[in-house]
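This is what each chain is made of:
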Amino acid sequence: MGKMKKKAAGRPLAQGPAPAPSGAKPVKSALAAQDLSQFLDHWSDPEEEEGGEPQEKAIVGREPQAERAHQQPKPKKKKNKLSKTVQVGRDGPKEAGSNNPEAYMAGLAEKDPEFYQFLQENDQELLNFQADDSSDEEAPTDSVHKPPTNLELASDESDFEPDDDDEPSSGSGGRTKLTRKVLDQLEGNLAQSPSVGHVQQLAMAFKAALGTLKTEGAMVSPFKIEGAAMFNAVIRTCLTHMAPALQAVLRVEGELKPSKLMRAKKWKPLNKTLKMYTADVTLFLTALSESTVLCALLKHIHLMIPYFAALPKSAKQLITQLIKLWSTGEDAVRILAFMCLLKLTRTSQSSLFEPVVKHMYMAFVQNAKFTSPNTWPMINFMRRSLSEIFGLDPKSAYTHAFVYIRQLGITLRNAMTVQKKESIQSVYNWQYVHSLHFWCHFLGSNHPNEALEPLIYPLVQVLKGAIKLVYVAKYYPLRFHLCSMLSRLGHDTGKFIPVLPYYLDVLNRYNFNKKTSKVSMKPVDFGNILRISKSQMLENGTQDATLDHVYMGIGENLHYQAHKIAFPELTYPALVQMRDFVKKCKVANHCKKIKQLMDKIEETTKVITQRRNNATFGLKDADAIKNWEQVLETQGTPLGKFFTSLRKTKDEQKLKMTTEQEKLDDYDFIPKLDRKKAKQGNKEEFKGLLGGDDSDDSDLDDEERFKLIEDRGKKRKASTKATKNEEDSEDEDGEEDESKEEEGEGPDQESEDDDVEDEVEDFDLNDLDSDDEKPAPSKRVKVEAKNEDDTDSEEESD
């Protein structure tokens, strides 16, 4: 209305109706001369004109007809009359033409500038709002959508295609969609001239990528990432450019240490960003399961360890996840996790050594509950790596070692006093054994060390007490494990620990001559068990495994003492007991092994005795004795060389068992027992020896089995008489041939007899049960028995 008033004020008042120009036709005649198409093209609603009344527009705004004829008609867009009507909705009536928000917002800036400024500060989206209904209203109703001829499938590679605007599009909630072009630009800036803002943008992009995984604890990022290709690109950029960019921004030269990083000028602006990024990296580490991605992320974490060490909260969160991967992951993941733990502990040893050691030891004990050939490599790796972590600070490690060894001793004392099944089981389990093994390895590998020296004696006492807790044959495997630990600990620490009595006691107490009632289909492996079951005690494989471990245990212990100057006196009691065992034992294989070991011990004794006779120093000169022993150890002894080769073969066998390569070997050299063929061969050979056809005898036996005792044997007697008459007639024809045959039958029968005996002895099950030598059955008894059968048959025929 204000515009209309202004126009009315600027126009002179009309004194009356303006005179019509000459030659003008009436309006009705002009409309009548037009057809429908011309009318629609040139028609305009008088309500669309601005200001004035319809009558004014008809009089004042009309042009002369002659001038209108020279002008070309302007095409006008078809309007929808429904849009001009008043629309009634929930919010009340709306005037026509009120669907243009841009014009309304432009007028709002002029009418109410304060409200417009308030919208700019608090609700920018409302000002940038674009009505979607306008396009629907202006679109023609008769238009039909025609799909393109070539359709393309949606793909994640579309993320690499640039947008039309070449700018990141705004997503829902004000989040900006991250495109490939923006990421490439950010990557170039990080490589050439990184700044604090670039690092923050990259950290936000990583947070957005982490938000697509829907992990717990992930915060909202201003960026939005869509597609797997874009996700991989963001992760790859972070892993390759984050660590170099941080070092370039902080301008730290040389070795990165937390103290240097915290003294940098730009550490404060990056502090919050680093806290966020390190927390996101730890969260991402928990969400991964693929080993290749884990390895790549752990390598990145290894470069970021100084920044983790400067942030204590992030470091503690990272330690928990690294220990979990170190104890349960795959081989490559375990190694990388341990390298990160080692570097983190070394970087901030004063604050992180104690939590790392505690959590790693608990994880080691928990994962050593079950032992098998497949788990031994994992347990060995954990034991050695944990020993290296403990060795970083021996003085601090002493307190932890003392507490844990004391706890093992208390558990053993309770088991010895209570003597119940549960208390004994608390000692005789794999977790207890692996704990003792770890402390033996730790004290031996870190010797000599004054701080750890007092722990050797209590550990040896705990080992001896565990051996003597239940001193029976079924716990021989456990005894052999603990004795091997004592031998190794004595060798590494240079302490003399008497271990031979535990091995020699097995030779004296266990009855190796006892016959077993079962045959072992495969050898019994004491390396993966702690107790022998009742069924295994009845197998012959248990005897073989027991003697083999005694044989290897004595050899290992004496091998460590073979260069000592007191070796002859040390081995004398053992030689006496081994000779006594060889006299009593009747199993050839067992005696052979012990004799072989005795020969090597005696040979080494002679070598050391000769060298001692040529020595010029006295027994009080400890330094000269030590040098003498070192020279002998480097040169080698007969027992040392023998045991080294023996240990090598045993290790190859263990490796073969763990890798299951024995399944690929060829075992055709082992004889196979085919019972059907053996029975048929025996029958044919007995036929040649006894003569005649067994089929008739078997038929007669089956028929006579159901007759009375008095009637049995009649047919057999008749058949024997007929055969005897035929033999008498043949004897009269030629006595010389008969004599020749008698001379040739002796050796033939003996040879056939031997073959039969060999066949029967090969499949005799009694020989498999025991290794005792049995006297061969005499052949005279068989020949005499045969002659007695012949005489009985002749008496019956008579």
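This is a predicted model, so every value here is computed, not measured.

**Observations concerning the overall build of the protein**
Within the protein one finds 38 helices and four strands. Taking all 798 residues of the protein together, 32% fall into the buried category. When contacts within the protein are restricted to residue pairs at least 6 apart in sequence, those whose partners lie at least 24 apart make up 68%. Looking at the protein as shown, the accessible area adds up to about 52600 Å², and 52% of this sits on carbon and sulfur atoms.

**Looking at the nonpolar core**
Counting residues in each nonpolar core, the largest one holds 165 residues, and the members touching the most others are Ile 301, Trp 326, Trp 439 and Met 578. Tallying contributions element by element places helix 12 (residues 228-250) first for this core, with 12 residues. Those residues in contact with Met 578 that sit more than four places away from it in its chain are Leu 504, Leu 507, Ile 594, Leu 597, Met 598 and Ile 601.

**Some points on the pattern of salt bridges**
Inspection of every chain in the model, using the stated rule, returns 16 salt bridges. Asp 505 is the partner of Arg 509 in a salt bridge, and the nearest nitrogen-oxygen pair spans 3.2 Å. Placement of the pair is Arg 509 and Asp 505 together in helix 26 (residues 500-509), with a separation of four residues, close to one helical turn. For Asp 505, a relative accessible area of 16% gives the class buried. Note that Asp 548 is salt-bridged to Lys 593, the shortest N-O span being 3.4 Å.

**Comments concerning a positive patch on the surface**
Judged by side-chain charge, Lys 421, Lys 474, Arg 531 and Lys 534 come together as a positively charged surface patch. Within the secondary structure layout, Lys 421 lies in helix 22 (residues 421-425).

**As for the packing of aromatic side chains**
Counting across every chain of the model gives 23 aromatic pairs. When the ring centre of Tyr 471 is taken as origin, the NZ or CZ atom of Arg 479, which lies over that ring, is 3.7 Å away.

**Digging into the packing of helix 26 against helix 28 (residues 540-560)**
For any two helices packed against each other, the geometry comes down to the angle between their axes and how far apart the axes lie. Running from N to C, helix 26 and helix 28 cross one another at 150°; their axes reach a closest spacing of 10 Å. For the element pair helix 26 / helix 28, the angle class is roughly antiparallel. Relative to helix 28, the crossing made by helix 26 is left-handed. Listed contacts from helix 28 to Leu 500, Tyr 503, Leu 504, Val 506 and Leu 507 of helix 26 are Thr 546, Leu 547, His 549, Val 550, Gly 553, Ile 554, Asn 557 and Leu 558. Tallied by class, the residues present in the contact of helix 26 with helix 28 amount to nine nonpolar, four polar and no charged.

**Examining the side chain of Glu 629**
The residue Glu 629 is located in helix 31 (residues 622-635) in this model. Setting aside its immediate chain neighbours within four residues, Glu 629 contacts His 563, Lys 564 and Ile 565.

**Some words on unusual backbone geometry**
Residue Pro 448 is bonded to the preceding His 447 through a cis peptide linkage, with omega at 0°. Relative to the assigned elements, Pro 448 resides in the loop between helix 23 (430-445) and helix 24 (456-468). The phi torsion at Gln 419 lies on the positive side, around 55°, for a residue other than glycine. Here Gln 419 shows up in the loop between helix 21 (394-418) and helix 22. Exposure remark for Gln 419: the relative accessible area of 44% places this residue in the partly exposed category.

**Concerning helix 10 (residues 180-192)**
Between its first and last C-alpha, helix 10 extends 18 Å over 13 residues, near the 18 Å set by a 1.5 Å rise per residue. Of the residues making up helix 10, those classed as buried are Leu 183, Leu 186 and Leu 190. Across the axial projection of helix 10, the buried residues extend over an arc of 65°, all falling on one side. Seen from the open side of helix 10, the exposed residues pointing more than 90 degrees away from its buried face are Gln 185, Ala 191 and Gln 192. Contacts from the buried residues of helix 10 go to helix 11 (196-211) and helix 12.

**Topic: the environment of Lys 522**
As for its placement among the helices and strands, Lys 522 is situated in the loop between helix 26 and helix 27 (534-537). Assessed through its relative accessible area of 66%, Lys 522 is described here as exposed. For the pair Lys 522 and Gly 541, spaced 19 residues apart in sequence, the C-alpha separation works out to 7.5 Å.

**Section: helix 11**
Because the α-helix completes a turn every 3.6 residues, residues three or four places apart line up on one side. An ideal rise of 1.5 Å per residue puts 22 Å on 16 residues; helix 11 measures up with 23 Å between its terminal C-alpha atoms. For helix 11, the complete set of buried residues consists of Val 196, His 198, Val 199, Leu 202, Ala 203, Ala 205, Phe 206, Lys 207, Ala 208, Ala 209 and Leu 210. In the core, the buried residues of helix 11 are packed alongside helix 10, strand 4 (223-224), helix 12 and helix 14 (267-287).

**With respect to the confidence of the model for the protein**
In this model, the protein carries an average pLDDT of 74, and 62% of its residues clear a pLDDT of 70 or more. Low pLDDT (under 50) marks residues 130-143, which in the prediction has four contacts with non-local residues, meaning those over four places away or in another chain. This stretch, residues 151-172, has a pLDDT under 50; its non-local contacts, to residues over four places away or in other chains, come to 25 contacts.

**Re the side chain of Glu 556**
Looking at where Glu 556 falls in the secondary structure, it is placed in helix 28. Looking at Glu 556, the relative accessible area reads 7%, which means it is buried. With residues up to four places along the chain from it excluded, the contact list for Glu 556 reads Ser 484, Phe 643 and Arg 647.

Each value, and the rule that gives it
Residues numbered from 1 in each chain as written. Predicted model: local features only at pLDDT ≥ 70, side-chain atom pairs only at ≥ 80, totals over all residues. Heavy atoms only, no water. Helix = DSSP H or I, 4+ residues; strand = E, 2+ residues; numbered from the N terminus. Buried < 20%, exposed > 50% of the residue type's maximum accessible area, 1.4 Å probe, protein only. Contact = heavy atoms within 4.5 Å. Areas by Shrake-Rupley, 256 points an atom, 1.4 Å probe, with all protein chains shown as cover. Core = buried A, V, L, I, M, F, W, Y, C linked by side-chain atoms within 4.5 Å. Salt bridge = Lys/Arg side-chain N within 4 Å of Asp/Glu carboxyl O. Patch = residues over 30% accessible without salt bridge, like charges linked within 9 Å, V, L, I, M, F, W, Y side chains within 5 Å. Lys, Arg positive; Asp, Glu negative; His and termini not counted. Charge placed at Lys NZ, Arg CZ, Asp CG, Glu CD. Phe/Tyr/Trp six-rings, centres within 6.5 Å; stacked < 30°, edge-to-face > 60°. Lys NZ or Arg CZ within 6 Å of the ring centre and 35° of its normal. Axes fitted to C-alpha atoms, helices over the stretch in contact; angles between N-to-C directions. Parallel < 35°, antiparallel > 145°, perpendicular 65-115°, else oblique. Left-handed = near helix turned anticlockwise from the far one by under 90°. Nonpolar A, V, L, I, M, F, W, Y, C, P; charged D, E, K, R; others polar. Expected span 1.5 Å × (residues − 1). Arc of directions from axis to C-beta. pLDDT = per-residue confidence, 0-100.

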